[in-house]
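Analysis of the macromolecular model
If you want the building blocks of each chain, they are given just below.
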Amino acid sequence: AQKITQTQPGMFVQEKEAVTLDCTYDTSDPSYGLFWYKQPSSGEMIFLIYQGSYDQQNATEGRYSLNFQKARKSANLVISASQLGDSAMYFCAMRVAGAAGNKLTFGGGTRVLVKP
Amino acid sequence: EAGVTQFPSHSVIEKGQTVTLRCDPISGHDNLYWYRRVMGKEIKFLLHFVKESKQDESGMPNNRFLAERTGGTYSTLKVQPAELEDSGVYFCASSQGNGYRVNEKLFFGSGTQLSVL
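First things first, this report covers the structure right here in the doc. (Residues numbered from 1 in each chain as written. Chains lettered and ligands numbered in written order. Predicted model: local features only at pLDDT ≥ 70, side-chain atom pairs only at ≥ 80, totals over all residues. Heavy atoms only, no water.)

**Some thoughts on the interface of chain A and chain B**
Listed per partner, the contact involves 26 residues of chain A and 21 residues of chain B. Counting the surface chain A buries against chain B, the share from its top three residues, A:Arg95, A:Asn102 and A:Phe106, is 31%. Here chain A and chain B share one salt bridge between them. For B:Asp56, the salt bridge goes to A:Lys103, with nearest N and O atoms at 2.5 Å. Where chain A meets chain B, there are nine residue pairs in polar contact (both at pLDDT 80 or more). For the side of chain A that touches chain B, the secondary structure elements donating two or more residues are strand S5 (32-39), strand S6 (46-52) and strand S10 (88-96) of chain A. With five residues, S5(A) is the largest single contributor of residues to the side of chain A that touches chain B. (Contact = heavy atoms within 4.5 Å. Buried area = accessible area lost by both parts, 1.4 Å probe. Salt bridge = Lys/Arg side-chain N within 4 Å of Asp/Glu carboxyl O. Polar contact = N/O pair within 3.5 Å; in protein donor to acceptor, adjacent residues only side chain to side chain. Helix = DSSP H or I, 4+ residues; strand = E, 2+ residues; numbered from the N terminus.)

Put into structure tokens, the structure is as follows:
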């Protein structure tokens, strides 16, 4: 079975500073994908970034980067130069290959509040 | 291009009543998923449609939940009769591809907040 753990239920960050959101995962599958989603107050879950287990480089998408440490089974999201609009709930999720590959396993989420 | 839309955004019903949630996926997406987040818990998979067929309904909690996807377009999720523990946010998502690729991105809607009193 797969498991995603997000140990930070909530955090404050100062505008323009960087913030790291922790995510650790557990799976015995060698092939898997890791996703981060943002859920602002509007409710919609917005895809941010993806990292594949065989990717050699850490994924980056604009101000978002993923610090992927495979041996430690961690996939932390780094948001650089935080903006007020980054205040939201952030979810880490994983999908494995094979028969269970149609399901995303989610962590409990981290609520981020950006202070002006 | 329109995203995944869900209706209603909020629903408040009494225990024992029936509620039907609707999801319109992104046009052309064969895969449609329902997920649920019960208060204080993780978002959990409920089921997966490929076109009009139920590919996987292993996450459906019990037979009070019925999902349909007529003609492979929009989907409905009916809860009958609703119980207190059904309260939560119900998300719909859609994707292209075969539904099983590890890099297949899911596009989510804004969810339906269901409150059963």
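Now that the structure has been shown, the text picks up again.
**Some thoughts on the state of the cysteines**
Residue and element names in this part refer to chain A. Per the stated rule, a full pass over the model turns up two disulfides over all chains. Between the sulfur atoms of Cys23 and its disulfide partner Cys92 the distance amounts to 2.0 Å. One disulfide, between Cys23 and Cys92, carries an S-S torsion of -60° and so falls in the left-handed class. With Cys23 in the loop between strand S3 (19-21) and strand S4 (24-26) and Cys92 in strand S10, this residue pair connects regions lying 69 residues apart in the sequence. (Disulfide = S-S within 2.5 Å.)

**As for the pattern of salt bridges**
In this structure the tally under the stated criterion is nine salt bridges over all chains. In this structure, A:Lys73 and A:Asp26 form a salt bridge, with 3.5 Å as the shortest nitrogen-oxygen distance. Pair noted here: A:Lys73 is in the loop between strand S8 (64-69) and strand S9 (74-79) and A:Asp26 is in strand S4, with a separation of 47 residues, a long-range link. Since its relative accessible area comes to 41%, A:Asp26 is described here as partly exposed. For A:Asp86, the salt bridge identified is with A:Arg63, shortest N-O distance 2.8 Å. Placement of A:Asp86 in the loop between S9 and S10 and of A:Arg63 in the loop between strand S7 (60-61) and S8 is noted, with a sequence separation of 23 residues between them. You can call A:Asp86 buried: its relative accessible area is 2%. By sharing partners, the salt bridges in this structure join B:Arg64, B:Glu85 and B:Asp86 into a single network. (Buried < 20%, exposed > 50% of the residue type's maximum accessible area, 1.4 Å probe, protein only.)

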